[in-house]
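Architecture at a glance
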Amino acid sequence: MPEVRDLLDAFLIGAFLFGLVLTTATLLLGVGDLGAHGPHGGHPGGDGHDGFLLPFGLSALLVCLTWIGGLGFMLRRVADWPAPLALAVAAAAGVIAGALVQRGVRALSDSGQALLDPERYRLPGSIGHVSSPIRAGGVGEVVYEQAGVRQVVAAR
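This structure is a prediction, so every number in the text was calculated from the model and none was measured. (Residues numbered from 1 in each chain as written. Predicted model: local features only at pLDDT ≥ 70, side-chain atom pairs only at ≥ 80, totals over all residues. Heavy atoms only, no water.)

1. So, unusual backbone geometry
With a phi angle near 60°, D80 is a residue other than glycine that sits in the positive phi range. With respect to the helices and strands, the residue D80 is situated in the loop between α2 (58-77) and α3 (83-108). Residue D80 is classed as exposed on the basis of its relative accessible area, which comes to 58%. (Helix = DSSP H or I, 4+ residues; strand = E, 2+ residues; numbered from the N terminus. Buried < 20%, exposed > 50% of the residue type's maximum accessible area, 1.4 Å probe, protein only.)

2. Here we look at the sheet that holds strand β3 (residues 149-155)
The three strands lie next to each other as β1-β2-β3, forming an open sheet whose pairing is antiparallel. Here the strands that pair on one side only, and so sit at the sheet edges, are β1 (128-132) and β3. Neighbouring strand axes in the sheet, compared pairwise and without regard to direction, differ in orientation by 30° on average. In terms of strand pairing, β1 meets strand β2 (residues 140-146) through four bridges, oriented antiparallel. By the bridge assignment for β2, S132 is matched with E141. (Pairing = 2+ DSSP bridges. Axes fitted to C-alpha atoms, helices over the stretch in contact; angles between N-to-C directions.)

3. Re the pattern of salt bridges
When the charged atoms of two side chains lie near each other, side chains of opposite charge can form a pair. Tallied over the full model, the rule gives four salt bridges. Of the charged contacts, one joins D6 and R76 as a salt bridge, the two residues approaching to 3.1 Å between their closest N and O atoms. Taken together, the residues span a long stretch of sequence, with D6 in the segment before α1 (7-29) and R76 in helix α2 at a distance of 70 residues. Looking at D6, the relative accessible area reads 31%, which means it is partly exposed. Among the residues examined, R76 registers a relative accessible area of 9% and is labelled buried. In this structure, the salt-bridge partner of R77 is D6, at a minimum N-O distance of 3.6 Å. (Salt bridge = Lys/Arg side-chain N within 4 Å of Asp/Glu carboxyl O.)

4. Regarding the side chain of R77
With respect to the helices and strands, the residue R77 is situated in helix α2. In terms of polar contacts, R77 uses its side chain to reach the side chain of D9, at 2.4 Å. (Polar contact = N/O pair within 3.5 Å; in protein donor to acceptor, adjacent residues only side chain to side chain.)

5. Regarding the environment of A147
Here A147 is to be found in the loop between β2 and β3. On the basis of relative accessibility, which here comes to 25%, the residue A147 falls in the partly exposed class. Remark: the alpha-carbon pair of A147 and R122, spanning 25 residues in sequence, is separated by 9.3 Å.

6. Notes on the packing of α1 against α2
One can describe the packing of α1 onto α2 by two numbers: an axis separation of 7 Å at closest approach and a directional angle of 145°. Remark: the crossing between α1 and α2 carries left-handed chirality. Residues L8, D9, L12, I13, A15, F16, F18, G19, L20, L22, T23 and T26 of α1 touch α2, and the partners they reach there are L58, L62, V63, L65, T66, I68, G69, G70, G72, F73, R76 and R77. Taken together, the residues that form the contact of α1 with α2 break down as 14 nonpolar, seven polar and three charged. (Left-handed = near helix turned anticlockwise from the far one by under 90°. Contact = heavy atoms within 4.5 Å. Nonpolar A, V, L, I, M, F, W, Y, C, P; charged D, E, K, R; others polar.)

7. As for the confidence of the model for the chain
When pLDDT is averaged along the chain, the result is 78; 77% of the residues meet or exceed 70. Mean pLDDT across the elements of the chain bottoms out in helix α4 (residues 111-114) (58) and peaks in α2 (90). Note on residues 32-53: pLDDT under 50 across the span, and 34 contacts to partners over four residues away in sequence or across chains. (pLDDT = per-residue confidence, 0-100.)

8. Describing α3
Compared with an ideal rise of 1.5 Å per residue, which puts 26 residues at 38 Å, α3 spans 37 Å between its outermost C-alpha atoms and is within 8% of the ideal. Against the buried residues of α3 lie α2. (Expected span 1.5 Å × (residues − 1).)

9. Comments concerning the pairing of β2
Sheet faces and side chains relate simply in a regular strand, where the side chains alternate between the two faces. Where burial is concerned, most of β2 is hidden: five out of the seven residues are buried. Pairing of β2 with β3, which is carried by seven bridges, proceeds in the antiparallel orientation. When the bridges of β3 are listed, Y144 appears paired with Q151. Linkage of β2 to β3, two consecutive antiparallel strands, is achieved through a turn of two residues, within which A147 is found at a positive phi near 55°.

The structure is reproduced here in structure tokens:
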């Protein structure tokens, strides 16, 4: 097990542990993109950009920090690289890892479907049909389509 020999080692181990613990916490709690959104909540604003105030989210930042700390320490102590080279390689790897995580988060969040358009969910004027007859004093069934999804509801 490599030992912590100086302040830079302590900083790198601290960055790794901090990033690892918070990355795990955000994964478990589901809060990977806290507060980095613009006025549209990170969804398209209709003007061609996606509304982010920052080009990265919390998940990407924490993954980047974790990689810099862990890889920087390992390159310095296990591979015995000089500090400037180890930090440069760790920083580059951290940025790449963070960018991959951010790309994955953006790919998984289908921002085209994320905004709720009230017009797609208006019921008055919707065309449907009675699928089960409505008896006097009883309940029947009506089928209609809303936002591209077939809906079935009870009717009196």
